Amino acid sequence: MAVSANDVAARNVRRFRTERRMSMGQLARRCGVSKQTLSKIEAGVGNPTVDTLDAVATALDVSLRALLTEWGSPVFVQRGST
C-alpha cells in the first residue's frame, strides 16, 4: 500500500510536536503559520508548500527530510495455531 507524502508529513509533524511537548498554537507561532494551517497539515488534508514545511521543520528543529521520511517499519503479527 502506497503512503502519500501528506500522510507521512502529518504523522511526523504530530510526532515531533508531541515529543517536544508543544501545543499546536505554540508551533504555529514559532513557524509563522496559522493554527488552522497546522491542523490541516497534521490531519493530512492540507497541501502545504515546501516553504511552509521548511518553516515547520525549522520550528521543530528537524530537517525537512525528517518530516518527509517514513520512520520505522510496518509490524505484522501472525498468531500461530493453537
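First things first, this report covers the structure right here in the doc. (Residues numbered from 1 in each chain as written. Predicted model: local features only at pLDDT ≥ 70, side-chain atom pairs only at ≥ 80, totals over all residues. Heavy atoms only, no water.)

**Observations concerning the overall build of the protein**
Piece 1. What the protein contains, in helices and strands, is 5 helices and 0 strands.
Piece 2. Going residue by residue from the N terminus, the α and β elements of the protein occur as α-α-α-α-α.
Piece 3. Classification of the 82 residues of the protein by burial places 33% in the buried group.
Piece 4. In the protein, once contacts between residues fewer than 6 apart in sequence are set aside, the share between residues at least 24 apart is 60%.
Piece 5. When the accessible surface of the protein is totalled, it reaches about 5800 Å², and 51% of it is carbon and sulfur. (Helix = DSSP H or I, 4+ residues; strand = E, 2+ residues; numbered from the N terminus. Buried < 20%, exposed > 50% of the residue type's maximum accessible area, 1.4 Å probe, protein only. Contact = heavy atoms within 4.5 Å. Areas by Shrake-Rupley, 256 points an atom, 1.4 Å probe, with all protein chains shown as cover.)

**Concerning unusual backbone geometry**
In terms of backbone geometry, most residues other than glycine have negative phi values and most peptide bonds are trans.
Piece 1. Even without being glycine, Arg-21 reaches a positive phi, approximately 55°.
Piece 2. We classify Arg-21 as exposed; its relative accessible area is 75%.
Piece 3. Not every positive phi belongs to a glycine, and Asp-61 is a case in point at roughly 60°.

**A closer look at helix α4 (residues 50–60)**
Piece 1. For α4, the complete set of buried residues consists of Thr-52, Leu-53, Val-56, Ala-57, Ala-59 and Leu-60. The buried residues of α4 all sit within an arc of 165° when viewed along its axis, so they share a single face. Among the exposed residues of α4, those oriented more than 90 degrees off its buried face are Val-50, Asp-51 and Thr-58.
Piece 2. Buried positions along α4 lie against α1 (5–19), α2 (24–31), α3 (35–43) and α5 (64–68).
Piece 3. Directly beyond the C-terminal end of α4, a positive phi value near 60° is found at Asp-61. (Arc of directions from axis to C-beta.)

**Side note on the pattern of salt bridges**
Piece 1. Inspection of every chain in the model, using the stated rule, returns 4 salt bridges.
Piece 2. For Arg-20, the salt bridge identified is with Glu-19, shortest N-O distance 3.6 Å.
Piece 3. Using a relative accessible area of 47% as the deciding quantity, one classes Glu-19 as partly exposed. (Salt bridge = Lys/Arg side-chain N within 4 Å of Asp/Glu carboxyl O.)

**As for the side chain of Thr-52**
Piece 1. Inspection of the secondary structure puts Thr-52 in helix α4.
Piece 2. Since its relative accessible area comes to 18%, Thr-52 is described here as buried.
Piece 3. Not counting chain neighbours up to four residues away, the residues in contact with Thr-52 comprise Val-33 and Ile-41.

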